[in-house]
Amino acid sequence: MTNVLTFGTFDVFHIGHVNMLVRAADLGDHLTVGVSSDALNFSKKQRYPVYREEHRMAIVKSLACVDEVFVEESLELKGEYIKKFNADVLVMGDDWAGKFDHYRELCEVVYLPRTAEVSTTDIIQSIKEQLD
Ligand code: CTP
């Protein structure tokens, strides 16, 4: 049984999120997703996500490839989460390439290529422009 763990905000859910989660699930038998809290997003970006954390978690949990979700309260706790969820593989997007290599003492670390030309930030921007 190979446990896979990944993290993200998954706000305004889009095809890049689907591709990432399907490929992450393919790396093992059980996929757990840490969905970053509203407060964590505010501290990172000085704005709240469009969808609140309960809704972002429910959307991610509804996917057939996702087995379990939890709230990621802090970026600093990834090592604790790896141990708590018995992760064999930590999966991150390649925008983070190299940044999580120190967790290789706890589990395998895999960076997956991002889907080109889609991001939550761009979607929010394009909706704003269409409303202007
Ligand atoms: N992701 C991806 N391809 C994309 C967008 C996101 O593979 N085009 C992956 C990220 O690498 C991460 C997960 O999906 O592993 C969650 O990403 P998140 O930061 O929530 O989404 P973004 O669309 O990148 O959001 P933002 O624009 O706000 O940074």
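Our structure's up above, just so we're on the same page.
Draft legend 1. Representation of the overall build of the chain within the structure. If you tally the helices and strands in the chain, you get five helices and five strands. Computed over the C-alpha atoms, the radius of gyration of the chain is 15 Å, within 12% of the 14 Å expected from 2.2 N^0.38 for a compact globule of 132 residues. With the C-alpha coordinates aligned to their principal axes, the bounding extent of the chain is approximately 50 × 30 × 25 Å. Buried residues in the chain amount to 44% of all 132 residues. Sequence-distant contacts in the chain: of pairs separated by 6 or more residues, those separated by 24 or more amount to 61%. Accessible surface, the chain: about 7400 Å² in total, of which carbon and sulfur atoms supply 52%. Each charge class in the chain was averaged separately, 14 positive and 22 negative side chains, and the resulting centres sit 3 Å apart.

Draft legend 2. Representation of helix H3 (residues 53-61) within the structure. Restricting attention to buried positions, one finds in H3 the residues Glu-53, Arg-56, Met-57 and Val-60. End-on view of H3: buried residues confined to an arc of 100°, all on one side of the axis. Turning to H3, the residues buried within the fold contact helix H1 (15-26), strand S2 (30-36), helix H2 (38-45) and strand S3 (68-72).

Draft legend 3. Spotlight on the packing of aromatic side chains. Using the criterion set out here, one finds eight aromatic pairs in the structure. Seen in terms of ring centroids, Phe-7 and Phe-70 are 6.1 Å apart; in terms of plane orientation they differ by 85°. Their pairing is edge-to-face. One end of the pair, Phe-7, is in strand S1 (residues 3-8); the other, Phe-70, is in strand S3, with 63 residues separating them in the sequence. With a relative accessible area of 10%, Phe-70 lands in the buried category. Both rings, one in Phe-7 and one in Tyr-81, keep their centres 5.9 Å apart while their planes meet at 40°; by these two values the pair is tilted. Here Phe-7, found in strand S1, pairs with Tyr-81, found in helix H4 (residues 78-84); they are 74 residues apart in sequence, far enough to count as distant. Over the aromatic face of Phe-7 sits the side chain of Lys-78, whose NZ or CZ is 4.7 Å from the ring centroid.

Draft legend 4. Region of interest: the site of the ligand. In the vicinity of the ligand there are 16 residues, among which His-14, Lys-45, Val-118, Thr-120 and Thr-121 approach most closely. Against a free-state accessible area of 570 Å², the protein chains account for coverage of 89% of the ligand. The set of elements that each furnish at least two residues to the shell around the ligand consists of H1 and helix H5 (120-131). In terms of residues, the shell around the ligand owes the most to one element, H1, which gives three residues. Per-class residue counts for the shell around the ligand are three nonpolar, ten polar and three charged.

Calculation notes
- Residues numbered from 1 in each chain as written.
- Predicted model: local features only at pLDDT ≥ 70, side-chain atom pairs only at ≥ 80, totals over all residues.
- Heavy atoms only, no water.
- Helix = DSSP H or I, 4+ residues; strand = E, 2+ residues; numbered from the N terminus.
- Rg over C-alpha atoms; globule rule 2.2 N^0.38 Å.
- Buried < 20%, exposed > 50% of the residue type's maximum accessible area, 1.4 Å probe, protein only.
- Contact = heavy atoms within 4.5 Å.
- Areas by Shrake-Rupley, 256 points an atom, 1.4 Å probe, with all protein chains shown as cover.
- Lys, Arg positive; Asp, Glu negative; His and termini not counted.
- Charge placed at Lys NZ, Arg CZ, Asp CG, Glu CD.
- Arc of directions from axis to C-beta.
- Phe/Tyr/Trp six-rings, centres within 6.5 Å; stacked < 30°, edge-to-face > 60°.
- Lys NZ or Arg CZ within 6 Å of the ring centre and 35° of its normal.
- Near = heavy atom within 4 Å.
- Nonpolar A, V, L, I, M, F, W, Y, C, P; charged D, E, K, R; others polar.

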